[in-house]
Amino acid sequence: MNNSSNCKKLLLIAIDGLSFPLLQKWFAMGDLPFLERLMEGGCYGLLKPFTPSNSAVIWTSIITGMNPRKHGIDSFIYYKVGERIVRKTAIKKMLKCGIRPLFRWLQKKEYVRDVPFSLSMVQQKMLWELFAQEDRSVGVINWWYSWPACEVPGFIISDRVHYWRLKERGKNGSLPDTHLVYPDSLFDEVVKSIVDPLALPVDVYQQFMKVDRREIETMRNCHYKRHQLMSEFKYLYSMDESVKKLALYCLKEFPQPDFLAFYFRGIDIISHCALKYDSCNRDSHVTDKEIEQFGDTVHEYYCHIDRILKELIEKVSVDTTVMVVSDHGFEKEPDGRFGHRKTKPPGLLILNGQNVRTGLRVENASVYDITPTLLYLGGLPVSKEMDGVVLTECVEEIFLQNHPIQFIESYGSPLRHKGPVAHDSDEEIKERLRALGYLE
Ligand SMILES: [Zn+2]
């Protein structure tokens, strides 16, 4: 960590699907030294299991401090019925009443269309919007629902830049190329930093699995198949690598913002694809050859993320409070596959750095506590509309004494576009969201 700044800073790093039992297993082998130090030198704890165990819903609850009824996100997509917006839960309820054939027909006729997510669907302010409205500087990279990137004192690189890059390679395509980043002047640098999934070098593949050149060629050309390492590895690796490169660029080019947030998706996708090959999880569907080739893939990816975290966190100022969060873990589900939908294995919270106590295990923290805790540590009041509390047990006594928790009734409703920001090319967007593992 460098010494360049002297005011309070926050860094929130989201690692989708980071699993506590796996961390413990690999800590015991001394393999994740940075994460281990981060946990032992700070506070950590499991988050209460969340229903539904759906990443879009959990991350939006994390970043608003509010439950899905308040923030309005219940799925990766929503439906447009004529010009009306209908949420997936409402459609599901209707389908239970036996109108599925009618619904299918309406879909076919395009009276009902499903639309990929955007910030316009989120009915509460995101944490970065709260800091921004209090004139604090913010930086956000790849966070859920960060598109369209709004104007802030700082920068936003939205979660849609990845498939904008993919578009360049496509034959047809008119993906929305507006509001991908803020400020616009960042755009050229962003495009340069996006790692091309189809051009990953051989040694990247071989770092994570035992594959020869012919097999790598097959993986490069493999069209998207959900939860299949063969097709998904290139996308998940390039997405995380792009986020890292963009984060390093922004940390170098801009003064460190008061609130900084990065989102990494790779662990989630690689766990869906490859936990079944891990030696201790051996199941009857997996062959000896597959275990030989991919048995160490998830482990290697955790080591990779450990190094990325080290690289990034060493770049922020020493007076930064660092929070690493996962939305859920992974477990063997009733269908025998590794996932999180049914078993709801808990996510993890790690706090370290400025004003944070050392060596404490937090009990009973919830996803709703993250936003109130970060607001408090950042010197802003907590809204009474939020569903969580400040995790005071993590905070150093002296800070608590000098900074009583302040409350306000509400931060107000966000000014959003009336309807969702939709686009003619939503079908293409959905295809690319699938390729990145966002959609099923
Ligand atoms: Zn997730």
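Predicted model only: the values in this text are computed from it and were never measured.

Trainee: Tell me about helix H15 (residues 297-313), and name the residues and values.
Mentor: Taking 1.5 Å of rise per residue, 17 residues should cover 24 Å, and H15 covers 24 Å from first to last C-alpha, within 8% of that figure. Within H15, 13 of the 17 residues are buried, leaving the element largely enclosed by the surrounding structure.

Trainee: Describe the sheet that holds strand S4 (residues 84-86), and please don't skip the residues or the numbers.
Mentor: Strand order in the open sheet formed by three strands is S4-S3-S5, with antiparallel pairing between adjacent strands. Unpaired on one side and paired on the other, S4 and strand S5 (112-116) mark the two borders of the sheet. With strand direction ignored, the average angle separating the axes of adjacent strands in the sheet is 35°. Where strand S3 (residues 77-81) and S5 come together, five bridges link them in antiparallel fashion.

Trainee: Which residues make up the nonpolar core, and what values do they have?
Mentor: In this structure, Phe-233 and Phe-262 are the most contacted members of the largest nonpolar core, which totals 73 residues. Ignoring anything within four residues of it in the chain, the contact list for Phe-233 reads Leu-200, Val-204, Tyr-205, Phe-208, Met-209, Met-219 and Ile-270. The next biggest cluster of nonpolar side chains, apart from the first, holds 63 residues, and it includes Leu-47, Ile-58, Tyr-263 and Leu-349.

Trainee: Describe in detail the coordination of the zinc ion, supporting the description with residues and values.
Mentor: Taken together, Asp-16 (OD), Ser-55 (OG), Asp-327 (OD) and His-328 (NE2) make up the full set of protein donors to the zinc ion, lying 1.8 to 2.2 Å away. Geometry at the zinc ion is tetrahedral, judged from its four donor atoms and the angles of 89 to 128° they form at the metal. One chain supplies every donor for the zinc ion, spaced along it as D-x38-S-x271-D-H. Here the residue Ser-55 occupies a position in helix H3 (residues 55-64), and Asp-327 occupies one in the loop between strand S10 (320-325) and strand S11 (331-332), the gap between them amounting to 272 residues.

Trainee: How would you summarise the confidence of the model for the protein chain if you had to cite specific residues and measurements?
Mentor: The predicted model of the protein chain averages 88 in pLDDT, with 89% of residues at 70 or higher. Contacts of residues 1-7 to residues separated by more than four positions or lying in other chains number 17 contacts, the stretch itself having pLDDT below 50. Per-residue pLDDT stays below 50 along residues 168-175; that stretch engages in 18 contacts with residues further than four places along the chain or on separate chains.

Trainee: Talk me through helix H16 (residues 370-377); I want residue IDs and the actual numbers.
Mentor: Across the eight residues that make up H16, a large majority, eight, are buried. Of the residues one or two after H16, Gly-379 is the one with positive phi, at around 85°.

Trainee: How would you sum up the packing of helix H2 (residues 33-40) against H15? Please name residues and give values.
Mentor: Two quantities define a packed helix pair, namely the angle between the helix axes and the distance between the axes. It is at 7 Å that the axes of H2 and H15 come closest, and there the two elements cross at 60°. Compared by their axis directions, H2 and H15 come out oblique. Between H2, through Pro-33, Phe-34, Leu-35, Arg-37 and Leu-38, and H15, the contact on the second element is made entirely by Asp-306, Leu-309, Lys-310 and Ile-313. Of the residues contributing to the contact of H2 with H15, the split by class is six nonpolar, no polar and three charged.

Criteria and cut-off values
- Residues numbered from 1 in each chain as written.
- Predicted model: local features only at pLDDT ≥ 70, side-chain atom pairs only at ≥ 80, totals over all residues.
- Heavy atoms only, no water.
- Helix = DSSP H or I, 4+ residues; strand = E, 2+ residues; numbered from the N terminus.
- Expected span 1.5 Å × (residues − 1).
- Buried < 20%, exposed > 50% of the residue type's maximum accessible area, 1.4 Å probe, protein only.
- Pairing = 2+ DSSP bridges.
- Axes fitted to C-alpha atoms, helices over the stretch in contact; angles between N-to-C directions.
- Core = buried A, V, L, I, M, F, W, Y, C linked by side-chain atoms within 4.5 Å.
- Contact = heavy atoms within 4.5 Å.
- Donors = N, O, S within 2.8 Å, 3.2 Å for Na, K, Ca; no water.
- Tetrahedral: all angles 85-135°; square planar, octahedral: opposite > 155°, others 65-115°.
- pLDDT = per-residue confidence, 0-100.
- Parallel < 35°, antiparallel > 145°, perpendicular 65-115°, else oblique.
- Nonpolar A, V, L, I, M, F, W, Y, C, P; charged D, E, K, R; others polar.

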